[in-house]
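Survey of secondary and tertiary structure
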Amino acid sequence: MTTDDGLAPYAPLWQAPSSPPRWVIWHPAPDLMVFDTELNLPVPVDDTALPEVVRRMRHAGAPETDAYPGRPCG
């Protein structure tokens, strides 16, 4: 995919992860989503872009988890 593929708004998601990482690939069964640990909520990634966004995040070394990656709400 190129920069003309609509992925430019998601580019920060596949930058090298900071410590602690802001964005995490989360696997709540049976789904897969990107989670923002700073805002404590899932990142709205278009379903058609999600596979490529996750592929790029994995390539950049983003962490992945099955457990809830956020902090308690409230």
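Everything here concerns the structure above.
What comes next concerns the included structure.

Reading the values: the criteria
Residues numbered from 1 in each chain as written. Predicted model: local features only at pLDDT ≥ 70, side-chain atom pairs only at ≥ 80, totals over all residues. Heavy atoms only, no water. Helix = DSSP H or I, 4+ residues; strand = E, 2+ residues; numbered from the N terminus. Rg over C-alpha atoms; globule rule 2.2 N^0.38 Å. Areas by Shrake-Rupley, 256 points an atom, 1.4 Å probe, with all protein chains shown as cover. Lys, Arg positive; Asp, Glu negative; His and termini not counted. Charge placed at Lys NZ, Arg CZ, Asp CG, Glu CD. Core = buried A, V, L, I, M, F, W, Y, C linked by side-chain atoms within 4.5 Å. Buried < 20%, exposed > 50% of the residue type's maximum accessible area, 1.4 Å probe, protein only. Contact = heavy atoms within 4.5 Å.

The next point concerns the overall build of the chain. From N to C terminus, the chain includes 1 helix and 4 strands. Going residue by residue from the N terminus, the α and β elements of the chain occur as β-β-β-α-β. Computed over C-alpha atoms, the radius of gyration of the chain comes to 12 Å, within 12% of the 11 Å expected from 2.2 N^0.38 for 74 residues, which places it in the range of a compact globule. When the accessible surface of the chain is summed, it comes to about 4800 Å², and 58% of that surface belongs to carbon and sulfur atoms. Of the side-chain charges in the chain, 5 are positive and 10 negative, and the distance between the mean point of each set is 6 Å.

Let us look at the nonpolar core. In this structure, Y10, L13, V34, V45, V53 and M57 are the most contacted members of the largest nonpolar core, which totals 14 residues. Looking at this core, the element that brings in the most residues is helix 1 (residues 50–60), giving 4 residues. Those residues in contact with L13, other than ones at most four positions away along the chain, are W23, V34, V43, V45, V53 and M57.

In short, geometric facts, not functional conclusions.
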